[in-house]
Amino acid sequence: MKVVIAPDSFKESLCAAQVAAAIARGWAQVYPDAELVLRPMADGGEGTVDVVLAALGGERRSTPVCGPLGAPVEAHWGLLADGSAVIEAAAACGLHLLEPAERDVCRASSRGLGELLMAAIDAGVTRIVVGLGGSACNDGGAGMLQALGVRLLNARGDELEPGGAALIGLDRIDLRYLDKRLQQVQVQVQVAVDVNNPLCGPGGASAVFGPQKGASADQVRLLDAALAHFADCAAQTLGQDSRDQPGVGAAGGLGFALKAFLAAAFCPGVELVARVTGLADALQGADLLITGEGRLDSQSLHGKTPIGVARIARQAGVPVVALAGSLGLDYQTLYAAGIDAAFSLAPGPVTLSQALSHTAAELEARTCDLARLWSVARCAPGSRQTHSSPV
């Protein structure tokens, strides 16, 4: 028996490698002789750097940058063996860097990501992969651009304050001081994105992701209007409007700034990571793929890891089971996208803090349950295989 284990991280709890290891322990309790192939995954969000470095090799570097609310943080990034760099937005401006009571989506800035980009450029790289996802900001990438030299000015000619709400006062964008290496396209930027949302509107950054970062209904409306105004000013400055391009709403609109101002190429993060980790090859001859992430719902359809790996597994004819910390009311919509079954980890009513602290144990327990069910199904009359149950 061959089982491929390819989960994403469970945010604020376990990294993807820890999730995969817990799932493997659970399966091995029932099938100790099974061939378990672990392929920790990411979709461009938190954990992407570690997964890529583990697969390709390279140097893990750390750079002090401004965190989402200005306090300094040590942000890690990867310098790969081929001389390119891989960076996560979440490392510099991630939601996980703030306690729940600290979160302020109107003031949070992406400046730290711009500082990470500068660190990579100063290291001599000419290609940078930027993973988007898990950000605390909703500033359309304004802070990132300011760190790269772009001036965002109000009607008095003063630089805008940090945060997405300040964009409502934007009067002029001055590109003269944008780092020349970016102006002359000496550095290629590729974005690994986990969603395909536009910048504005009902499916945009503010409406879809703002509430996850603590935005109230009034703040969502303010931020959406501010991003729309930013897009208007950008279109006037650049001569083209990128606000409706798929994925530019990722990470609070960071995708917009990367696309519009840095001419970044976009690719689904999970597809990029799957190529790096050799997932398709690992699935050859497999009996089952187990994936998962912290929450599964209809939003998972928009580029999240479980759907991406399920698509690859379907091409290989391998069934897919997903494990999640929680299941949304509409999680059954995922079945049409290649997930054959999905299960929640929670054994009963628990608080979020309890769930986060017991994630590894619950992953192991639910996987053991799944393996026992798999054993029964294999022995059922009419099944293709009739091996004796190991339990």
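Structure's up top.
What counts and how
- Chains are numbered independently. Their residues run from 1 in the order of the written sequence.
- Per-residue local features are limited, in this predicted model, to residues with pLDDT of at least 70; the limit for side-chain atom pairs, both in listing and counting, is 80 or more; totals at the level of whole chains, interfaces and linings are taken over all residues.
- Calculated side-chain values reflect all of the structure's heavy atoms, with hydrogen atoms and water omitted.
- Every helix listed is a DSSP run of H or I at least four residues long, and every strand listed is a run of E at least two residues long, numbered separately from the N terminus.
- Burial status follows relative accessibility: with a 1.4 Å probe on protein chains alone, a residue under 20% of its type maximum counts as buried, one over 50% as exposed, and anything between as partly exposed.
- Contact definition: two residues touch when any of their heavy atoms are within 4.5 Å.
- Residue burial considers only the protein chains on display, and all accessible areas are found by Shrake-Rupley using a 1.4 Å probe.
- Positive charge is attributed to Lys and Arg, negative charge to Asp and Glu, and no charge count is given to His or to the chain ends.
- Each charge is placed at NZ for Lys, CZ for Arg, CG for Asp and CD for Glu.
- A pair of strands is considered paired only if DSSP assigns at least 2 bridges between the two.
- Stacked, tilted and edge-to-face pairs are distinguished by plane angle, under 30 degrees for stacked and over 60 for edge-to-face with tilted covering the rest, among Phe, Tyr and Trp rings (Trp via its six-membered ring) whose centres lie within 6.5 Å.
- The axes used here are C-alpha line fits, helices contributing only the stretch in contact, and every angle between their N-to-C directions lies in the interval 0 to 180 degrees.
- Orientation categories follow fixed angle ranges, with anything under 35 degrees roughly parallel, anything over 145 roughly antiparallel, 65 to 115 roughly perpendicular, and all other angles oblique.
- For this classification, the nonpolar set comprises Ala, Val, Leu, Ile, Met, Phe, Trp, Tyr, Cys and Pro, the charged set comprises Asp, Glu, Lys and Arg, and every other residue, Gly included, is treated as polar.
- Whenever a carboxyl oxygen of Asp or Glu lies within 4 Å of a side-chain nitrogen of Lys or Arg, that contact is scored as a salt bridge.
- Helix crossings fall into two classes, left-handed where the near helix is turned counterclockwise from the far one by less than a right angle and right-handed where it is turned clockwise.
- The definition of a polar contact used here is a pair of N or O atoms within 3.5 Å, where within protein one atom must be able to donate a hydrogen and the other to accept one, and adjacent residues in sequence count solely through side-chain atom pairs.

Colleague: Mind showing me how you'd approach the overall build of the protein chain here?
Modeller: Helices and strands together make up the secondary structure of the protein chain, namely 14 helices and 13 strands. Going through the 391 residues of the protein chain one by one, you find that 53% of them count as buried. A separation of at least 24 residues holds for 71% of the contacts in the protein chain among residues at least 6 apart in sequence. Put simply, the protein chain shows about 16200 Å² of open surface, and 52% of that area lies on carbon and sulfur atoms. Of the side-chain charges in the protein chain, 29 are positive and 39 negative, and the distance between the mean point of each set is 3 Å.

Colleague: Even after reading the chapter, I still don't get the pairing of strand S5 (residues 85–88), so can you show me in this structure?
Modeller: For a regular strand, side-chain orientation follows a simple rule: the groups alternate between the two sheet faces. Burial along S5 is two-sided: the face carrying Ala 85 and Ile 87 and the face carrying Val 86 and Glu 88 are both buried. Both strand S4 (residues 72–80) and S5 contribute to a ladder of two bridges, which runs antiparallel. Bridge pairing links Leu 79 to Ala 85 in S5. Counted between consecutive antiparallel strands, the loop separating S4 from S5 contains four residues, among which Gly 83 sits at a positive phi close to 90°. As paired elements, S5 and strand S6 (residues 127–131) share four bridges and run parallel to each other. Note on S6: the bridge partner recorded for Val 86 is Val 129.

Colleague: What's the story with the packing of aromatic side chains in this structure? I'm lost.
Modeller: What characterises a pair of aromatic rings is the spacing of the ring centres plus the angle enclosed by the ring planes. Within this structure, the stated rule accounts for five aromatic pairs. Ring centres of Trp 27 and Tyr 31 lie 5.6 Å apart, and the angle between their planes is 20°; on these two criteria the pair is classed as stacked. Tyr 31 carries the same exposure label as Trp 27, and that label is buried. Their ring planes at 15° and their centres at 6.2 Å tell us that Phe 230 and Phe 261 sit as a pair that is stacked. Placement of the pair is Phe 230 in helix H8 (residues 217–238) and Phe 261 in helix H9 (residues 250–262), with a sequence separation of 31 residues. Through pairs of rings, three or more aromatic residues link up here, namely Trp 27, Tyr 31 and Trp 374.

Colleague: Explain the packing of H8 against H9 to me, please; I cannot follow it from the model alone.
Modeller: Interaxial distance between H8 and H9 falls to 11 Å at its minimum, and their mutual angle equals 10°. Relative to H9, the element H8 lies roughly parallel. Taking contact as the criterion, the partners of Phe 230, Ala 231, Ala 234 and Leu 238 in H8 are, on H9, Phe 256, Ala 260 and Phe 261. For the contact of H8 with H9, a count of residues per class yields seven nonpolar, no polar and no charged.

Colleague: Can you help me understand the sheet that holds strand S12 (residues 320–327) in this one?
Modeller: The strands making up a sheet associate through backbone hydrogen bonding, with each pair oriented either parallel or antiparallel. Across the sheet, five strands lie side by side as S2-S1-S11-S12-S13; this open sheet has parallel pairing. The open sheet terminates on both sides in strands that have one partner only, identified here as strand S2 (35–38) and strand S13 (341–344). On average, each strand axis in the sheet is tilted by 25° relative to the strand beside it, whichever way the strands run. As paired elements, strand S1 (residues 2–5) and strand S11 (residues 288–296) share three bridges and run parallel to each other. Following the sheet pairing, Ile 5 is matched in S11 by Ile 290. Sitting on the sheet, helix H1 (residues 16–30) is in contact with S1, S2, S11 and S12, with an inclination near 170° to S2.

Colleague: Before we go on, may I ask you to explain the pattern of salt bridges in this structure?
Modeller: Opposite charge on two side chains allows them to pair when their charged atoms are near. This model, assessed by the stated rule, comprises 16 salt bridges. The salt bridge involving Arg 366 is made with Asp 369; its shortest N-O contact spans 3.2 Å. Of this pair, Arg 366 and Asp 369 both sit in helix H14 (residues 359–379), separated by three residues, roughly a single helical turn.

Colleague: Mind showing me how you'd approach the packing of helix H2 (residues 48–56) against helix H10 (residues 269–277) here?
Modeller: A packed helix pair is summarised by two numbers, namely the angle formed by the two axes and the spacing between the axes. Where H2 contacts H10, the two axes come as close as 9 Å, and the packing angle between them is 25°. By the angle class used here, H2 and H10 are roughly parallel. Considering only the axes of H2 and H10, their crossing is left-handed. Residues Thr 48, Val 51, Val 52, Ala 55 and Leu 56 of H2 form the contact with H10, whose own contacting residues are Val 273, Val 276 and Thr 277. Taken together, the residues that form the contact of H2 with H10 break down as six nonpolar, two polar and no charged.

Colleague: In this structure, what is going on with the side chain of Ser 206? I would like to understand it.
Modeller: For Ser 206, the position within the fold is in helix H7 (residues 205–209). Of the polar contacts made by the side chain of Ser 206, one reaches the backbone nitrogen of Asp 224; its length is 3.3 Å. Those residues in contact with Ser 206, other than ones at most four positions away along the chain, are Asn 138, Leu 199, Pro 211, Val 220, Leu 223, Asp 224 and Leu 227.

Colleague: Could you clarify how one ought to interpret the side chain of Thr 367 in this entry?
Modeller: Checked against the element boundaries, Thr 367 lands in helix H14. The class of Thr 367 is buried, set by a relative accessible area of 0%. In contact with Thr 367, not counting residues within four places along its chain, are Ile 23, Gly 26, Trp 27, Ile 290 and Leu 323.

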